[in-house]
There are 2 protein chains.
Amino acid sequence: MNIRTVLVGTTHPGNIGAVARAMKNMGLSDLVLVKPRYFPHEEATARASGADDVLENAEVAGSLAEAIADCVYVAGASARPRTINWTCLDVRDAAKRLVQESNRGKVAAVFGPENAGLCNADLDLCDSLLSIPSNPAFSSLNLAMAVQVVAYEIRAANAEKLPEYLADAPLATAAEMEHFYVHLEQTLRATGFLDPDNPRHLMRRLRRLFIRGRPDRNELNILRGILTSVERYGASGAADEAAKESK
Amino acid sequence: MNIRTVLVGTTHPGNIGAVARAMKNMGLSDLVLVKPRYFPHEEATARASGADDVLENAEVAGSLAEAIADCVYVAGASARPRTINWTCLDVRDAAKRLVQESNRGKVAAVFGPENAGLCNADLDLCDSLLSIPSNPAFSSLNLAMAVQVVAYEIRAANAEKLPEYLADAPLATAAEMEHFYVHLEQTLRATGFLDPDNPRHLMRRLRRLFIRGRPDRNELNILRGILTSVERYGASGAADEAAKESK
């Protein structure tokens with residue numbers, strides 16, 4: 001399956017092994033570890049109980065951005081509701097979505113460190129949050145347990161035939177979206193809409209809006225074309241100013 | 001909930017603790033242990049990570065028959081299909097059934113020893129088998145993982161649907177979106193990105209992108225603010241042009 005599991009900052013190597021086993025039980029094999037505290041480690045191997053192949057093929061990445069650069073859809077595990085204006089799917093819907101999007105490219109389910117979960121900067125890289133409904137009075141699942149539930153739901157979703165909607169181009173990847181955000185921020189500084197001294201979470205807000213729209217590559221090219229046209233529009237004024245000054 | 005978890009002949013005390021945590025995470029609390037090899041045990045307490053109350057209230061029974069004596073419905077975890085002529089439900093359907101039957105009395109989900117699973121004599125005491133769909137080439141889940149999936153499905157069988165995300169303002173109305181599109185089109189003509197003689201369905205394209213993002217009113221205000229800043233950005237150049245021409 002075109003579905004990657006990404007563990008960010010895992011502190012207990014035993015959990016990495018238990019995750020590998022849970023993945024393999026459900027037919028998943030693509031594991032990426034972002035800055036694991038210990039890996040490889042004998043405890044990981046012990047807990048994998050035969051899923052050694054998943055551990056051996058696991059890649060280690062230096063950042064979440066690197067781990068998901070080639071992905072077209074990313075779901076980040078989080079307690080719900082973390083904040084406003086953020087698509088949050090329960091694990092069943094998230095698994096269906098992951099399976100659906102995996103027909104178009106690589107997708108990822110991302111899990112944070114045991115104690116704190118994913119930080120906001122990492123959640124900002126995700127298309128949606130994924131939450132496992134649980135007891136509000138005791139809601140924190142063990143990391144490997146959470147992966148087990150997600151992997152189980154992915155297997156269950158895969159067993160169903162899901163309707164698909166068609167884009168006329170491949171969806172933009174996470175790396176392409178990042179380039180767009182950089183371009184957008186640069187343009188908004190130029191127009192004066194974004195005050196670098198008082199950014200007021202503007203970029204985060206815009207990210208969430210655009211990530212909900214899920215542009216395909218053609219649409220992203222249109223958006224970037226608009227930014228370029230705005231830059232030229234202002235530059236004509238700047239050129240005039242320069243011409244005036246030189247007079 | 002009127003739903004009991006029964007572990008038969010558990011050999012690793014750590015698994016008992018992990019089961020207690022998984023149960024409490026999903027709002028279950030009734031745990032019965034049939035002939036556990038070690039209990040109580042410090043490893044069980046460690047892995048319970050705060051679900052000590054579930055462990056403390058756990059009862060120990062001498063046989064499965066004793067553990068389920070007061071139950072009206074019993075599902076026994078088993079690889080599928082163990083044998084013919086035995087009702088076997090996958091975990092989702094089994095969980096729905098357990099929830100349904102629990103309206104009439106105590107029900108139980110039963111799990112066997114780590115290495116062998118439930119013996120036939122114990123399965124004979126069950127109303128149906130319960131199986132977790134898994135990778136046929138690597139099908140044996142860790143005991144606590146299996147309990148986690150069952151407990152998760154029990155909770156899901158009761159769950160309400162929550163909205164995908166919470167907006168901090170009312171969603172933009174169709175009329176507000178129309179005003180935005182008019183403003184957007186006007187701005188794109190000004191920057192020169194939209195050629196009125198060759199519009200190439202550009203506005204339709206952008207409409208679809210923004211409608212998928214479903215902006216709320218605050219977000220729409222941000223977008224319109226950006227358009228206004230672009231207009232001013234270009235107007236500074238236009239003003240310069242006019243000044244030049246009037247010279």
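Residues numbered from 1 in each chain as written. Chains lettered and ligands numbered in written order. Predicted model: local features only at pLDDT ≥ 70, side-chain atom pairs only at ≥ 80, totals over all residues.

Right, let's talk about unusual backbone geometry for a bit. In the segment running from A:Phe39 into A:Pro40, the intervening peptide bond is cis, with an omega of -5°. Its place among the elements puts A:Pro40 in the loop between strand S2 (30–34) and helix H2 (42–48). Phi is positive for A:His201, close to 55°, though the residue is something other than glycine. Looking at the secondary structure, you find A:His201 in the loop between helix H8 (174–191) and helix H9 (202–213). Residues other than glycine seldom take positive phi values, yet B:Ser49 does so here, at roughly 45°. Here B:Ser49 shows up in the loop between helix H2 (42–48) and helix H3 (52–56). (Helix = DSSP H or I, 4+ residues; strand = E, 2+ residues; numbered from the N terminus.)

Between its terminal C-alpha atoms H9(A) stretches 17 Å, which fits the 16 Å expected from 12 residues at 1.5 Å a residue. Those residues of H9(A) that fall on the buried side of the exposure criterion are A:Leu206, A:Arg208, A:Phe210, A:Ile211 and A:Arg212. Contact partners of the buried residues in H9(A): H8 of chain A together with helix H9 (202–213) of chain B. Two residues or fewer after H9(A) comes A:Arg214, characterised by a positive phi angle close to 45°. (Expected span 1.5 Å × (residues − 1). Buried ≥ 20, exposed ≤ 12 C-beta atoms within 10 Å, placed from the backbone. Contact = placed C-beta atoms within 7 Å.)

Turning next to the sheet that holds strand S6 (residues 106–111) of chain A. Residues and elements named next belong to chain A. The seven strands are arranged S3-S2-S1-S6-S4-S7-S5 in an open sheet whose pairing can be described as parallel. The outermost strands of the open sheet, each flanked by one partner alone, are strand S3 (59–61) and strand S5 (88–90). In this sheet, neighbouring strand axes are inclined to one another by 30° on average, regardless of whether the strands run parallel or antiparallel. Here five bridges tie strand S1 (residues 3–8) to S2, and the two strands are oriented parallel to one another. Looking across to S2, one finds that Val 8 is bridged to Val 34. Here helix H1 (residues 13–25) sits on the sheet and contacts S1 and S2; the angle it forms with S1, its principal contact strand, is near 165°. (Pairing = 2+ DSSP bridges. Axes fitted to C-alpha atoms, helices over the stretch in contact; angles between N-to-C directions.)

Another aspect to go through is the sheet that holds strand S5 (residues 88–90) of chain B. All names here are of chain B. Across the sheet, which stays open at both edges, the seven strands sit in the order S3-S2-S1-S6-S4-S7-S5 with parallel pairing between neighbours. On the outer flanks of this sheet lie strand S3 (59–61) and S5, each paired with one strand and no other. Direction aside, neighbouring strands of the sheet carry axes that sit 30° apart on average. Across four bridges, the pairing between strand S4 (residues 73–77) and strand S6 (residues 107–111) is parallel. Opposite Ala 75, over in S6, you have Ala 109 as the bridge partner. Sheet contacts for helix H1 (residues 13–25): strand S1 (3–8) and strand S2 (30–34); angle to S1, the most-contacted strand, approximately 165°.

Right, let's get into the confidence of the model for chain A. Residue and element names in this part refer to chain A. For chain A, per-residue confidence averages 89 on the pLDDT scale, and residues scoring 70 or more make up 89% of the total. Counting interchain partners and residues more than four positions distant, the pLDDT-below-50 stretch residues 161–165 has five contacts. With pTM at 0.75, the complex prediction returns an ipTM value of 0.71. (pLDDT = per-residue confidence, 0-100.)

As a further point, take helix H5 (residues 91–101) of chain B. Turning to H5(B), its buried residues number three or more, namely B:Val91, B:Arg92, B:Ala94, B:Ala95 and B:Leu98. Taken around the axis of H5(B), the buried residues stretch over an arc of 165°, which confines them to a single face. (Arc of directions from axis to C-beta.)

Take the domain arrangement of chain A next. Domain boundaries assigned for chain A yield domain 1 (3–159) and domain 2 (174–246). Opposite the 11 residues of domain 1 of chain A that make contact, domain 2 of chain A presents nine residues. (Domains from an automatic or database assignment.)

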